[in-house]
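# Examination of the molecular architecture
Read off the chains here:
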Amino acid sequence: MKVRNRTTGDRLAVLAGARLDVLQVASGARAKFVALGGVLVSTGALAALSTAFALHMALGVWWPVAAVIGLGWGVVIVNLDRMLLVGMAHDSSWLRNALMAVPRIGLAVLLGTVISTPLTLQVFSKEIDTTIVTLQAEAAERFTDELAADARYAPIPELEQRIAEEQAVLAGGGVADPDADPRVSGAQAERDAKQATYDAEARTYADLQAKAQCELDGTCGSGDVGQGAAYFGAAAAAAAQADVRDAARAELDTAERALQETRDAAQADAVSAGARNLAMAQAALATDTAELQRLTAAKVAEQAAFDAENAQSDGLLARLEAMDRLAEDRPAAGTAHLMLFLLFLSVELLPVLMKVMLNFSEPTAYDRLEVLRDEEDVAAEEIRRNGRQRAQQARADLVVAAETDRMAREILDREIAAREEAERAAERRARRREARSLRRVLGRLVGGSRPAESAERVSPLEPTLDTGELEAMMTAPSAVRMFGTTASRPPVPAPRAADAGVLADN
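This one's a predicted model, so the numbers in the text were calculated from it and none came from an experiment.

### Side note on the overall build of the protein chain
Helix and strand counts for the protein chain stand at 14 helices and zero strands. Helices (α) and strands (β) of the protein chain occur, in sequence order from the N terminus, as α-α-α-α-α-α-α-α-α-α-α-α-α-α. In the protein chain, of all internal contacts separated by at least 6 residues, the share reaching a separation of at least 24 is 79%. Put simply, the protein chain shows about 31,700 Å² of open surface, and 60% of that area lies on carbon and sulfur atoms.

### Some details on the side chain of Lys-32
Within the fold, Lys-32 resides in helix H3 (residues 30–59). Lys-32 sits in the buried class, given a relative accessible area of 19%. Ignoring anything within four residues of it in the chain, the contact list for Lys-32 reads Met-354, Leu-358 and Thr-364.

### Things to note about the nonpolar core
With 12 residues, the main nonpolar core is built from Ala-13, Val-14, Ala-16, Ala-18, Leu-20, Val-22, Leu-23, Ala-26, Ala-29, Phe-33, Leu-36 and Tyr-366. Residue assignment for this core shows that the elements contributing at least two residues are helix H1 (8–15), helix H2 (20–23) and H3. Ranked by residue count, the leading element in this core is H2, at three residues. When neighbours within four sequence positions are excluded, Phe-33 is seen to be in contact with Leu-12, Ala-13, Ala-16, Ala-18, Leu-23 and Tyr-366.

### Re the pattern of salt bridges
Enumeration over the complete set of coordinates arrives at 22 salt bridges. Arg-245 is the partner of Asp-246 in a salt bridge, and the nearest nitrogen-oxygen pair spans 3.3 Å. Residue class for Asp-246 comes out partly exposed when judged on its relative accessible area of 41%. A relative accessible area of 22% means that Arg-245 is categorised as partly exposed. In this structure, a network of salt bridges that share partners links the residues Asp-150, Arg-152 and Glu-302.

Cut-offs applied
- Residues numbered from 1 in each chain as written.
- Predicted model: local features only at pLDDT ≥ 70, side-chain atom pairs only at ≥ 80, totals over all residues.
- Heavy atoms only, no water.
- Helix = DSSP H or I, 4+ residues; strand = E, 2+ residues; numbered from the N terminus.
- Contact = heavy atoms within 4.5 Å.
- Areas by Shrake-Rupley, 256 points an atom, 1.4 Å probe, with all protein chains shown as cover.
- Buried < 20%, exposed > 50% of the residue type's maximum accessible area, 1.4 Å probe, protein only.
- Core = buried A, V, L, I, M, F, W, Y, C linked by side-chain atoms within 4.5 Å.
- Salt bridge = Lys/Arg side-chain N within 4 Å of Asp/Glu carboxyl O.

Structure (structure tokens):
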């Protein structure tokens with residue numbers, strides 16, 4: 001029979017799960033299956049393109065390698081979609097159709113989401129790149145704040161201050177600043193307090209003195225010019241304040257002398273302890289500098305590692321986060337993203353949804369012919385199976401016939417052998433009788449007579465089978481059944497022993 005060459009439409013129909021032998025009869029369903037096959041190819045192409053974009057965006061894979069891997073993933077998606085279509089045969093039950101459709105639609109939604117997401121991100125790539133830069137800057141700022149508050153690097157400011165003080169000690173030859181001595185600080189605070197008190201009392205005295213002068217001039221107070229009662233009262237208050245001011249001045253002078261004495265003592269102590277301070281400052285400076293360098297290096301390394309990682313955080317997950325931020329900031333972008341996602345998802349769902357809707361409708365001519373072809377295939381296979389069974393039965397019968405013939409020949413050979421053995425035994429007995437008769441005659445001739453010998457019994461003949469037993473074995477049921485099994489058969493009858501006559505001497 002001439003084989004018809006397959007066209008592109010035939011290949012698409014087969015891809016959609018159609019049977020070409022049925023399509024040759026129900027040609028009206030050809031367009032539907034060709035369209036389904038085209039949709040499957042389109043879905044595979046979208047899956048390949050999406051995977052290539054995803055690999056390039058997430059892993060930075062070289063475009064040719066990403067294209068090859070994407071092509072393989074597209075083939076996988078086409079095979080999965082074809083499995084979903086082929087596994088959904090037309091069923092008359094609405095419930096069974098629904099149960100078959102739900103998991104397939106769920107899987108199609110999952111595949112559609114995986115396929116459509118990279119494509120949607122690629123459409124908004126420019127806006128997403130801008131948003132990623134903003135997200136990276138925010139992440140860097142958060143990391144810097146967290147690093148500054150990290151307890152591991154909290155000693156850095158204290159170390160820096162100590163190192164500055166130790167360097168100052170070394171720069172001064174080991175002699176510390178006398179003003180840093182606690183005694184000097186206390187005396188300085190006391191002197192400052194006395195200075196503040198004196199300044200306040202001096203201002204009060206100046207104010208009272210000005211008021212007394214004002215009373216004298218008549219420009220304030222009572223307004224009377226000259227020395228009156230108001231003037232004398234103001235002058236007395238100013239004189240009393242002058243005593244208070246002088247007392248505060250005396251206390252200030254005492255505090256200044258105490259401060260100078262304390263500073264001189266601290267200077268003397270600092271000079272005496274200069275060598276010891278210098279050695280301690282050098283040792284502490286080396287230790288603090290090493291610790292500061294270690295902590296600073298660790299902090300800088302951690303910051304650099306984060307900066308490098310943050311600069312590379314533009315993969316698929318970062319783009320998804322950027323797309324969510326973009327949708328929050330710009331609602332129009334979120335709406336466009338949703339529409340594109342639904343578009344790509346509908347392309348993936350189209351074959352399965354179409355197959356589901358066809359299953360809920362009345363069976364088409366193609367569906368009925370497909371059922372009939374399946375029934376014909378089953379009937380043909382049953383016929384072939386019955387023929388094989390009959391052939392096996394015939395072979396078994398031939399084996400039984402051959403076995404029966406072999407057994408008959410074996411029985412016949414045994415019968416012939418038994419008869420020949422009986423004839424030879426009869427000849428031997430005849431010769432023995434002749435020999436005994438000759439010995440009797442000779443005994444009488446010599447005049448002697450011997451007592452009669454007891455009669456000998458002749459041994460029985462060899463076993464043999466008669467013709468009735470052979471016929472019984474030939475007509476026995478077959479010992480070999482179909483498929484090589486053996487049935488129980490009656491045992492071959494043992495040959496009967498021939499009765500031997502007992503010859504007695506006369």
